[in-house]
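# Inside the fold
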Amino acid sequence: MFRTALRNVLAHKARLLMTVLAVMLGVSFVSGTLVFTDTIGSALRKASARSYADVSVAVTYGDADHPLPQRLVDEIGRLPGAESTTATVHGFTAIADKQGRLVGDGWSTRGGNYTGPGRYPMLQGRAPHGPSEVALDSRTAERTGYGVGDTVRMSIDGPVMRQKVTGVFSTDDGNVAAGGSLVLFDTATAQKLFGKPGAYEEIDVKAAPGTSQAALRVEIDELLPRYTEDASATTGQMLADEEARRIASDLSSFNTTLLSFAGIALFVGIFIIANTFTMLVAQRTKELALLRAVGASRRQVTRSVLVEAFAVGAAAGVTGFLLGIGIAAVMRAALGAAGAVLPAGALAVQPGTAGVALAVGVGVTVLAAWLPARRAATIPPVAAMSSVHAPATVRGLLLRNTFGALLSAAGVVLVLAGSGMEDNGDMVLGGGAGLLLIGVFVLTPLLSRPVVAAAAALLRPLGVTGRLARQNAVRNPRRTAATASALMIGLTLITALTVVALSAKTTVNEMAAAHLKADYQITMATGRNLSPEVAARIARTDGVSASSAVRDARAELGGQNEWVAGVDVPQIDRLLTLDFTSGSIASVHGDSVIVDSDTARWRGWRAGQSLAVRYEDGTKGRLTIGGVYEGGDLINGVIMDNATVTPHTPRTGDMRVLVGMAGGAFEANRDALVKALGANPAIKVQDKADISRELSSTVDLTLNILYGLLAMAVLVAVLGVVNTLAMSVFERRHEIGMLRAIGLDRGQVKRMIRLESLLISLFGAVLGLGLGVFLAWAAGGLIRKQMPSYATTLPWDRIGLFLALAALVGVLAALWPARRAAGLNMLEAIKAE
């Protein structure tokens with residue numbers, strides 16, 4: 001039976017090709033993801049290990065108000081177990097390239113103090129000295145084109161600085177290896193810029209020969225209480241291990257996301273595999289009956305089909321693994337070409353990845369082929385020998401439809417329940433969505449007849465080919481269902497994601513238009529807080545009619561820690577429109593504040609209530625709630641007068657500055673604001689249209705990434721349509737020959753196959769679009785808990801595009817099967833069994 005199975009694989013290799021391709025694509029996605037993340041992780045871990053090579057113990061502070069003093073550095077350096085100490089201070093530093101653009105989008109652009117050639121060996125030039133000199137890491141210098149002697153524009157938290165590059169250095173810093181930038185100042189300058197004059201954030205200590213990291217840590221722990229209560233000492237090995245865990249955790253979420261989409265592609269592939277083996281079994285009923293007649297047991301027949309599936313899965317697993325290595329290399333090259341700076345290193349191909357690829361390929365194929373194998377063993381030998389195919393019984397169809405209806409109903413109930421739940425609603429909704437998809441799949445054979453019949457009016461003008469195509473599409477409802485369901489799953493996810501994303505974008509745009517009266521909003525490009533100097537410069541700029549800093553602060557109100565937004569009360573009413581349920585913006589003055597309705601409801605507060613307050617500097621007092629307003633993305637929480645909160649905020653920072661200009665928002669006013677801020681690359685000056693465009697570009701980028709990840713599942717579904725049509729043409733050779741004999745020409749045969757493919761694709765698309773819209777509407781219930789004004793908006797243009805693309809998929813998928821059908825020899829086809 002084993003040899004028989006292998007011969008069957010070789011005999012039907014052309015018909016199994018699409019199955020191998022479908023599984024191979026899914027496996028390549030899995031193995032490519034694993035190889036890519038292993039490569040990045042390995043390179044980052046090596047870079048991290050090198051950066052901690054000379055750190056035996058690191059001392060860090062626990063409170064920003066109590067940094068590490070110089071005398072502690074000196075005292076640690078005198079310990080018997082310490083060979084050397086390196087004290088550092090660092091913080092965010094934005095760099096502009098030669099075109100004025102922010103380098104690296106600011107997410108990992110950092111600055112620090114130069115600590116010597118041991119950690120930062122100079123490749124060119126010399127170390128920085130004085131407040132106007134800096135050194136750049138070699139990667140940043142290479143990608144920006146800066147060299148020794150050039151002037152660089154940079155910013156810490158607002159004001160622009162122009163610094164001279166005196167050196168270019170190499171470093172094993174893990175942040176730089178991950179694509180970040182590092183700017184080095186001399187120690188005094190760095191301490192002043194990062195708010196710690198004469199103090200440090202970290203002290204790295206190298207142990208003397210013969211002293212272990214643990215022993216040195218004990219010496220330092222005994223010393224620390226004399227200088228600070230907030231500092232802690234950690235061994236270099238512990239830091240390296242923690243960094244390795246952090247890298248693994250960061251990559252794990254990325255890995256999980258990619259593998260989830262790979263799983264979707266493999267799940268879609270299961271339909272193709274099951275369809276293929278079901279059709280192969282149906283085409284080989286006489287052969288299987290003969291095996292039973294000569295003594296093969298049911299178990300042997302089942303094993304024979306599963307061995308075929310094993311061979312197909314193994315072939316797909318091996319080729320998918322090799323293709324995955326190529327995909328990983330292409331992913332790294334593509335990200336590099338797109339501007340991402342990735343750590344250098346060879347591709348990390350782990351033995352476990354090969355094992356996973358083979359296990360996935362074989363496991364998915366054998367699992368999908370198990371049910372067709374079971375059906376093959378249950379065909380009675382006599383019925384098969386006489387080519388009598390037992391149709392599905394009424395009882396079997398009733399059971400299937402009942403089961404599908406129950407699953408679908410349970411899925412709908414869970415989706416609706418999850419949509420309205422406060423806690424764990426996303427888990428319940430996700431589980432319900434899964435049940436609903438499975439239930440609809442089970443019901444698809446029942447749904448295929450009425451949906452395809454609805455297209456009869458459109459096909460009638462096409463004459464006999466249209467009628468034959470419609471009849472062929474529903475001739476075998478289970479086969480049509482399996483083929484259409486593969487496309488349905490991909491389109492369900494694509495539609496749901498599109499509706500949710502575009503609805504959120506529309507809602508935020510409407511909120512910005514409704515609440516923002518200011519002509520411009522000024523923020524840091526990195527999302528960090530602005531220096532208060534920015535608001536002061538804006539207020540002094542010609543043409544500014546009103547401006548207000550939205551200040552970031554914390555306070556303890558009524559025993560609860562709360563974020564507080566400070567505003568300039570005389571100006572804010574001209575810059576923001578707030579909808580009040582009680583009180584007004586005039587209620588913000590002195591010791592009177594306003595709170596948004598969500599916070600008031602959560603805390604049980606009401607207008608007129610008096611609350612005890614404890615500010616960040618420890619000052620205590622009482623505040624009165626003067627009003628309750630409807631919050632939004634622009635501003636929410638507790639709003640207080642800046643004149644009240646600023647004196648109690650040790651580290652003042654502004655989330656944004658709102659600006660009104662004489663004459664409104666036009667280019668000359670924008671240029672005046674940009675000029676006032678020194679054309680700072682780290683600061684964004686945006687009007688309402690800019691805010692909308694930024695949100696739109698973010699949403700569109702996210703959707704395009706998701707479309708790309710789901711493209712593999714759609715491609716697998718297309719292969720399923722091609723495979724089903726090709727095998728169907730083989731099954732219907734005799735019928736096609738007879739049609740040709742009675743007058744159907746080659747063009748009509750092609751048209752019949754293409755129309756059949758089009759009907760199957762559109763059937764799957766209609767189901768997918770309907771389910772996607774329903775799930776997106778249900779997800780809106782969860783989103784409204786975070787965004788109360790969220791409303792589901794149907795993007796009819798995108799829905800129409802998806803439907804058109806599904807039709808195109810149907811036409812393209814039919815090209816080869818239609819050509820093959822039209823090319824059949826009429827007489828040989830008539831003689832075929």
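The paragraphs below set out a description of the structure included in this document.

## Focus: the packing of aromatic side chains
Scanning the entire structure with this criterion turns up six aromatic pairs. Relative to phenylalanine 194, the ring of phenylalanine 185 lies with its centre 6.2 Å away and its plane at 75°, an arrangement referred to as edge-to-face. As far as the burial class goes, phenylalanine 185 and phenylalanine 194 line up, both buried. The rings of Tyr114, Tyr120 and Phe169 are connected pair by pair, giving a single aromatic cluster. Here arginine 554 stacks its cationic end above the ring of tryptophan 563, 4.3 Å away from the centre of that ring.

## A closer look at the environment of glutamate 308
Relative to the helices and strands, glutamate 308 is located in helix 10 (residues 298-337). Residue glutamate 308 is classed as buried on the basis of its relative accessible area, which comes to 1%. Sequence separation between glutamate 308 and phenylalanine 277 is 31 residues, and the spatial gap between their C-alpha atoms is 9.4 Å.

## Observations regarding the pattern of salt bridges
Tallying each qualifying case throughout the model produces 12 salt bridges. Residue aspartate 204 pairs with arginine 119 through a salt bridge whose shortest N-O separation is 2.7 Å. Highlighted residues: aspartate 204 in strand 13 (residues 202-207) and arginine 119 in the loop between strand 6 (109-113) and strand 7 (122-125), separated in sequence by 85 residues. For aspartate 204, a relative accessible area of 5% gives the class buried. A salt bridge links aspartate 598 to arginine 601; the nearest nitrogen and oxygen atoms lie 2.4 Å apart. With a gap of three residues between them, aspartate 598 and arginine 601 both fall in helix 20 (residues 597-603), about one helical turn apart. On the basis of relative accessibility, which here comes to 59%, the residue arginine 601 falls in the exposed class. Connected through salt bridges with shared partners, the residues Glu667, Arg670, Asp687, Asp690 and Arg693 form a single ionic network.

## Quick word on the nonpolar core
One finds Phe261, Val268, Phe277, Met488 and Ile753 to be the most contacted residues of the largest nonpolar core, which totals 83 residues. The element best represented in this core is helix 23 (residues 688-731), accounting for 13 residues. The contact partners of methionine 488, leaving out residues within four places of it in the chain, are Leu437, Val440, Gly764, Leu767, Gly768 and Leu771.

Cut-offs and rules
- Residues numbered from 1 in each chain as written.
- Predicted model: local features only at pLDDT ≥ 70, side-chain atom pairs only at ≥ 80, totals over all residues.
- Heavy atoms only, no water.
- Phe/Tyr/Trp six-rings, centres within 6.5 Å; stacked < 30°, edge-to-face > 60°.
- Buried < 20%, exposed > 50% of the residue type's maximum accessible area, 1.4 Å probe, protein only.
- Lys NZ or Arg CZ within 6 Å of the ring centre and 35° of its normal.
- Helix = DSSP H or I, 4+ residues; strand = E, 2+ residues; numbered from the N terminus.
- Salt bridge = Lys/Arg side-chain N within 4 Å of Asp/Glu carboxyl O.
- Core = buried A, V, L, I, M, F, W, Y, C linked by side-chain atoms within 4.5 Å.
- Contact = heavy atoms within 4.5 Å.

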